[in-house]
Amino acid sequence: AQSVTQLDSHVSVSEGTPVLLRCNYSSSYSPSLFWYVQHPNKGLQLLLKYTSAATLVKGINGFEAEFKKSETSFHLTKPSAHMSDAAEYFCVVSDRSNDMRFGAGTRLTVKP
Amino acid sequence: DTAVSQTPKYLVTQMGNDKSIKCEQNLGHDTMYWYKQDSKKFLKIMFSYNNKELIINETVPNRFSPKSPDKAHLNLHINSLELGDSAVYFCASSEAGGSTDTQYFGPGTRLTVL
């Protein structure tokens, strides 16, 4: 069965410093992996996705993630945090049609 | 233009009542979903429909009944509401439901059961 674990429930960084949100997955097949962002009282928006092409995936707003099969990881990074990045981030795995499994979410706080 | 819309945005009701949440997508997608997000932000899929046919029905009480009159709409009807049904419900759609497809989410409906 597919599943995903987000290793930190809360990450706090200062504005202008790097962001690292960690995600490990479990899948019996070749999975697709996604990162979604949810701003307060909003729906979810796709940041980026990996679908078996390039292992380093670039997304919107300067975010990127690297698929590492040997480590079963798909960590999300950004070189320099902005105040507007404060939100809830979800790592998602999908290895079969019509089924996505969400991680528990990581709340990112950005301090001025 | 809103790609995936839900109504109402907020719903406050008493225990035991029956309520519906509506969802519409104008993306021409074949697959639609309902998710429940609890107070700890955990998102769990409830149902998946592909071209009006039920594909996934997770372990959800049968008080929850999805209805898809056409592939652009997936409504959620809830009977005999309970306190534990309080949550944010998200509708989503994707092109064909494939594992690589991006899902597009609605803004959510915050349901509060008193």
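Structure's up top.
A few points about the state of the cysteines
Residues and elements named next belong to chain A.
Now for step 1: Applying the stated criterion across every chain yields a total of two disulfides over all chains.
Now for step 2: One disulfide bridge connects Cys-23 with Cys-91, the sulfur atoms lying 1.9 Å from each other. Judged by the sign of its S-S torsion, about -70°, the bond between Cys-23 and Cys-91 is left-handed. Of the two residues, Cys-23 sits in strand E4 (residues 23–26) while Cys-91 sits in strand E10 (residues 87–96), which places them 68 residues apart along the sequence.

Points about the sheet that holds strand E1 (residues 4–7) of chain B
Residue and element names in this part refer to chain B.
Now for step 1: Strands sit in the order E1-E3-E8-E7 across an open sheet of four strands; the sheet is antiparallel. In the strand order of this sheet, the two ends are held by E1 and strand E7 (64–70), each with one partner. Along the sheet, successive strands turn relative to each other by an average axial angle of 20°, direction set aside.
Now for step 2: Pairing analysis gives four bridges linking strand E3 (residues 19–25) to strand E8 (residues 73–78), with the strands arranged antiparallel. Bridging across to E8, Ile-21 finds its partner in Leu-76.

What to know about the packing of aromatic side chains
Now for step 1: Evaluated as defined, the whole model comprises 14 aromatic pairs over all chains.
Now for step 2: With a centroid separation of 5.4 Å and an interplanar angle of 40°, the aromatic rings of Tyr-35 of chain B and Phe-105 of chain B are classed as tilted. Of the two residues, Tyr-35 of chain B is situated in strand E4 (residues 31–37) and Phe-105 of chain B in strand E10 (residues 104–105); the sequence distance between them amounts to 70 residues.
Now for step 3: A residue is classified by how much of its surface remains accessible, and Tyr-35 of chain B, at 0% relative accessible area, is buried.
Now for step 4: Through a chain of ring-to-ring contacts, the aromatic side chains of Phe-34, Tyr-36, Phe-90 and Phe-102 of chain A together with Tyr-33, Tyr-35, Phe-90 and Phe-105 of chain B assemble into a single cluster.

Thoughts on the pattern of salt bridges
Now for step 1: In the structure shown here, the tally under the stated rule is seven salt bridges over all chains.
Now for step 2: Across the pair Asp-8 of chain A and Arg-22 of chain A runs a salt bridge whose closest N-O atoms are separated by 3.0 Å. Separated by 14 residues along the polypeptide, Asp-8 of chain A in the loop between strand E1 (3–6) and strand E2 (10–14) and Arg-22 of chain A in the loop between strand E3 (19–21) and E4 bring together distant segments of the chain.
Now for step 3: Looking at Asp-8 of chain A, the relative accessible area reads 18%, which means it is buried.
Now for step 4: Here Lys-58 of chain A ties to Glu-64 of chain A by a salt bridge, and the two come within 2.8 Å at their closest N and O atoms.
Now for step 5: Overall, Lys-58 of chain A belongs to the exposed group, its relative accessible area being 63%.
Now for step 6: Each of the salt bridges in this network shares a partner with another, and the network as a whole consists of Arg-63, Glu-82 and Asp-85 of chain B.

Basis of the calculations
Residues numbered from 1 in each chain as written. Chains lettered and ligands numbered in written order. Predicted model: local features only at pLDDT ≥ 70, side-chain atom pairs only at ≥ 80, totals over all residues. Heavy atoms only, no water. Disulfide = S-S within 2.5 Å. Helix = DSSP H or I, 4+ residues; strand = E, 2+ residues; numbered from the N terminus. Pairing = 2+ DSSP bridges. Axes fitted to C-alpha atoms, helices over the stretch in contact; angles between N-to-C directions. Phe/Tyr/Trp six-rings, centres within 6.5 Å; stacked < 30°, edge-to-face > 60°. Buried < 20%, exposed > 50% of the residue type's maximum accessible area, 1.4 Å probe, protein only. Salt bridge = Lys/Arg side-chain N within 4 Å of Asp/Glu carboxyl O.

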